[in-house]
Amino acid sequence: MRIISWRPMEGLSLSILFAVLTGILITNSLLAAAKEVDKVPELDVTKIINDKVYSKVFVRRREEHKLLVNHLRSIEDYAKRYKLMKLGLDEIIRVIREEGAKLRGNQITAQSEFPKVQELITALAQFLENTCLFGEIVLHFPDMSYRILKSVTDWRELMTEALNYTKTFEHILDEKSIELLGLLNQEINADQRTDEYVNPYREVETTATEPPKQKKKKDKAKPKKGPSLTPSRNEL
């Protein structure tokens, strides 16, 4: 798994962005290294990965999501942030559609046995991770997210079903992710909000490309023409 070091950058490369969005549970380089060692059998991921193992991987992936959110927040240029967020949200929607179809077709649920086929392991991981990443983005940047998503007619229904499905995997998700999904459900479905609902992550979004407003300069008092009503010192 690629380790992303956090530091302010001019722009987030697409390779890092899509690594965060899709991810790989075990890198090909690790598998290749295992094969090169004498008398070491080929590593079969399907035999070592289970719900308990993946739950630890899931926490690490969620940490990477927070790095991405921090980076997006550090981008002051509105157009640049919008472009990266659109790439991310478009990719998330694609993953949810495609991987969700695989999971439904193979009847993968929180109650069924953890997948034993690599394709389904990846599908489940990408579905759960991208649903949570969607929550991070929308909760932190709701105004910009809604502007991007308005062209996707069924996004609200799609992501509501995704978060409801994801929440059932309580044995994999950490407490913070479960809390985040609860907030996301209220954020994107106004009819399900409680009276106490507040989005704690919401930031006031400003158009960074607009020049800052300049304070109006006060006009200096111009000397009045004509005789002064107040006698000058010379008149004493």
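Bear in mind that the values here come from a model prediction, so they are computed numbers and not experimental data.

(A) Highlighting the overall build of the chain. Of the regular secondary structure elements, the chain holds 9 helices and 0 strands. Its helices and strands taken in sequence order, the chain reads α-α-α-α-α-α-α-α-α from the N to the C terminus. By the burial criterion, 40% of the 236 residues in the chain qualify as buried. Total accessible area on the chain stands at roughly 15,400 Å², and carbon and sulfur atoms take up 53% of it.

(B) A look at the packing of helix H5 (residues 78-105) against helix H6 (residues 118-140). Between H5 and H6, the least distance of the axes is 9 Å, while the angle of their chain directions is 140 degrees. Judged on the interaxial angle alone, H6 and H5 are oblique. For the pair H5 and H6, the sense of crossing is left-handed. On the side of H5, the interface is formed by Met 85, Leu 89, Ile 92, Val 95, Ile 96, Glu 99, Gly 100, Lys 102 and Leu 103, while H6 contributes Glu 119, Leu 120, Ala 123, Leu 124, Gln 126, Phe 127, Asn 130, Thr 131, Leu 133, Phe 134 and Ile 137.

(C) Up close: unusual backbone geometry. Unusually for a residue other than glycine, Gln 107 sits at a positive phi of about 55 degrees. On the secondary structure map, Gln 107 appears in the loop between H5 and H6.

(D) Representation of the nonpolar core in the model. Ranked by internal contacts, the top residues of the largest apolar core, which has 52 residues, are Tyr 54, Phe 134, Trp 155, Met 159, Phe 169, Ile 172 and Leu 184. Elements with a contribution of two residues or more to this core: helix H4 (51-74), H5, H6, helix H7 (142-149), helix H8 (155-167) and helix H9 (175-188). When residues of this core are assigned to their parent elements, the largest contribution, 13 residues, is made by H6. Residue contacts for Phe 169: discarding those within four places in its chain leaves Thr 109, Ala 110, Leu 124 and Leu 128.

(E) Representation of H6. Its 23 residues place the ends of H6 33 Å apart at the C-alpha level, agreeing with the 33 Å of an ideal helix rising 1.5 Å per residue. Counting buried positions over the 23 residues of H6 gives 20, a clear majority of the element.

(F) Expanded view of the side chain of Asn 199. Within the element layout of this structure, Asn 199 appears in the segment after H9. Under the relative-accessibility criterion, Asn 199 is labelled buried at 11%. Of the polar contacts made by the side chain of Asn 199, one reaches the backbone oxygen of Leu 139; its length is 2.9 Å. Here the side chain of Asn 199 touches Glu 187 through a polar contact of 3.5 Å, side chain to side chain. When neighbours within four sequence positions are excluded, Asn 199 is seen to be in contact with Leu 139, Pro 142 and Glu 187.

Analysis parameters
- Residues numbered from 1 in each chain as written.
- Predicted model: local features only at pLDDT ≥ 70, side-chain atom pairs only at ≥ 80, totals over all residues.
- Heavy atoms only, no water.
- Helix = DSSP H or I, 4+ residues; strand = E, 2+ residues; numbered from the N terminus.
- Buried < 20%, exposed > 50% of the residue type's maximum accessible area, 1.4 Å probe, protein only.
- Areas by Shrake-Rupley, 256 points an atom, 1.4 Å probe, with all protein chains shown as cover.
- Axes fitted to C-alpha atoms, helices over the stretch in contact; angles between N-to-C directions.
- Parallel < 35°, antiparallel > 145°, perpendicular 65-115°, else oblique.
- Left-handed = near helix turned anticlockwise from the far one by under 90°.
- Contact = heavy atoms within 4.5 Å.
- Core = buried A, V, L, I, M, F, W, Y, C linked by side-chain atoms within 4.5 Å.
- Expected span 1.5 Å × (residues − 1).
- Polar contact = N/O pair within 3.5 Å; in protein donor to acceptor, adjacent residues only side chain to side chain.

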